[in-house]
Amino acid sequence: MNPQAKLISISSLLLGTTITISSSHWMMAWTGLEINTLAILPLISNPHHPRAIEAATKYFLVQAAASTLLLLSSTTNALFTGQWDITQLTHPTSCLLLTTAISMKLGLVPFHFWFPEVLQGSSLMTSLLLTTAMKFPPITLLLMTSPSLNYTLLTTMAIASAALGGWMGLNQTQIRKILAFSSISHLGWMTIIIIYNPKLTLITFYLYCMMTAATLLTLKTTKILKLSTMMTAWTKIPSLSATLMLALLSLAGLPPLTGFLPKWLIIQELTKQEMTPTATIIALLSLLGLFFYLRLAYCATITLPPNSSNYMKQWRTNKPVNTLTATLTTMTITLLPFSPMILSML
């Protein structure tokens, strides 16, 4: 891709995100989301492959529909209440339309169908943007409007997302699709607590972004796209393969890794709110995700492919590991002892 075009796309992404998260008026928030959508399209379609063009088309259609619903929600609210302020969304129809729009933008169940396909058609770096930065503006809007939204609907969608994200990831062999279903599952955890403790949702999102970034940057360094190549890539950078295993287990939420912290805090908060059955259900559903993370970890380091005497070992690379990758991977593995400091931000 032309460096100037890439610079314009990345700058537009930063501009769109900044406009959305700093605005108090619905029209400005909508404008920021539209800038974001248009800025990411060249990055998705950059490989000039039919899958990439298909992914960009699907992404555009879904995001355009979601933006239309968001605009309809805000205008309906303005019609009945005279308010364009984001925090003053009070009309029931507007709240329902907004929940639908944000769910489509995030990829929450039942509006999740586009997300795995778009991620599969994108490069690893574009997938990193789609799973982290592109979710920040919709999450911010959801946080600002959460007191007005229907909690029963949000809880139902959250549990469905956690269930489907774990269930659909079980049978996948493409790593980008597995990470897409992992994202859907994590969004379920964020959504279920958003009304009771919005700051906890934000901390969960930050930690999820950090863990996903570490995983995708490691996969980019070792050029892994599917399970079969993951089995043979351990000879390239053995130390990085070992840390990849720990990063995947952190995404699964196993102690004593960083990923255990948000799940522990969310279950604790749900129990405080006397929602023990909900906490039990979502904790059990996370076991589905744990299964495919363990399978990925097993393929990354513990197992060898069949007919190990016949396959060609890949050459060990001399390229040093990127500092950003090393830092994010270290934080993904070792941040749990710093939980008191993180809790002080709540």
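Being a predicted model, the structure only gives us computed values, none of them experimental.

S.K.: Outline the environment of I53, supporting the account with residue identities and numerical values.
M.R.: Following the sequence through the fold, I53 ends up in helix 3 (residues 50-81). Taking the C-alpha atoms as reference points, I53 and K220, 167 residues apart in sequence, are found 21 Å from one another.

S.K.: An account of a nonpolar patch on the surface is needed here, citing residue identities and associated values.
M.R.: Side chains of L38, F60 and L61 sit close together on the surface and give an oily, nonpolar patch of about 300 Å² of accessible area. By the element assignment, F60 lies in helix 3. With relative accessibility at 38%, the residue F60 sits in the partly exposed group.

S.K.: Can you explain the UniProt feature "domain: NADH:quinone oxidoreductase/Mrp antiporter transmembrane" (unreviewed entry) in the protein? Please cite residues and give values.
M.R.: As recorded in UniProt, the sites labelled "domain: NADH:quinone oxidoreductase/Mrp antiporter transmembrane" (unreviewed entry) are residues 23-287. In the segment residues 23-287, helix accounts for 75% and strand for 0%; the C-alpha atoms at its two ends are 39 Å apart.

S.K.: Run through the packing of helix 10 (residues 198-222) against helix 12 (residues 238-252), naming residues and quoting values.
M.R.: Their axes nearest at 10 Å, the elements helix 10 and helix 12 cross at an angle of 150°. When the interaxial angle is binned, helix 10 and helix 12 end up roughly antiparallel. As for how helix 10 packs across helix 12, the hand of that crossing is left-handed. Facing helix 10, whose interface residues are Y208, M211, T212, T215, T218, L219, T221 and T222, helix 12 presents L240, L244, A247, L248, S250 and L251. Taken together, the residues of the contact of helix 10 with helix 12 sort by class into eight nonpolar, six polar and no charged.

S.K.: Residue-level account of helix 4 (residues 92-106), with values.
M.R.: Turn by turn, an α-helix covers 3.6 residues, leaving residues three or four places apart pointing in a common direction. Its 15 residues place the ends of helix 4 21 Å apart at the C-alpha level, agreeing with the 21 Å of an ideal helix rising 1.5 Å per residue. The buried fraction of helix 4 amounts to eleven of the 15 residues, a majority that puts the element mostly inside the structure. Of the surrounding secondary structure, the elements contacted by the buried residues of helix 4 are helix 2 (26-44), helix 3, helix 5 (114-120), helix 7 (136-145), helix 8 (151-169) and helix 9 (175-192). Looking one or two residues beyond helix 4, the residue adopting positive phi is G107, at roughly 95°.

S.K.: Kindly report on the side chain of T145, identifying the contributing residues and their values.
M.R.: Here T145 lies in helix 7. For T145, the contacting residues outside a window of four places in its chain are W26, I86, L89 and L98.

S.K.: I'd like to hear about the domain arrangement of the protein, residue by residue, with values.
M.R.: Assigned domains of the protein: these are domain 1 (1-124) and domain 2 (150-345). The centre of domain 1, based on its C-alpha atoms, is set 25 Å off from the matching centre of domain 2. In this complex, domain 1 contributes 18 residues to the contact, which on the side of domain 2 involves 22 residues. Viewed at the interface, domain 2 and domain 1 are joined by one salt bridge.

S.K.: Run through the nonpolar core, naming residues and quoting values.
M.R.: By size, the foremost hydrophobic cluster in this structure holds 73 residues, and its most contacted members are L70, L141, I192, L219, M230 and L270. Looking at which element gives the most residues to this core, the answer is helix 10, with 13 residues. Here this core spans two domains, and each of domain 1 (1-124) and domain 2 (150-345) adds at least three residues to it. If sequence neighbours within four positions are ignored, I192 has contacts with Y151, T155, A158, I159, I266, L270, T278 and I282.

About the thresholds
- Residues numbered from 1 in each chain as written.
- Predicted model: local features only at pLDDT ≥ 70, side-chain atom pairs only at ≥ 80, totals over all residues.
- Heavy atoms only, no water.
- Helix = DSSP H or I, 4+ residues; strand = E, 2+ residues; numbered from the N terminus.
- Patch = residues over 30% accessible without salt bridge, like charges linked within 9 Å, V, L, I, M, F, W, Y side chains within 5 Å.
- Areas by Shrake-Rupley, 256 points an atom, 1.4 Å probe, with all protein chains shown as cover.
- Salt bridge = Lys/Arg side-chain N within 4 Å of Asp/Glu carboxyl O.
- Buried < 20%, exposed > 50% of the residue type's maximum accessible area, 1.4 Å probe, protein only.
- UniProt positions renumbered as here; feature names shortened; annotations may be inferred.
- Axes fitted to C-alpha atoms, helices over the stretch in contact; angles between N-to-C directions.
- Parallel < 35°, antiparallel > 145°, perpendicular 65-115°, else oblique.
- Left-handed = near helix turned anticlockwise from the far one by under 90°.
- Contact = heavy atoms within 4.5 Å.
- Nonpolar A, V, L, I, M, F, W, Y, C, P; charged D, E, K, R; others polar.
- Expected span 1.5 Å × (residues − 1).
- Domains from an automatic or database assignment.
- Core = buried A, V, L, I, M, F, W, Y, C linked by side-chain atoms within 4.5 Å.

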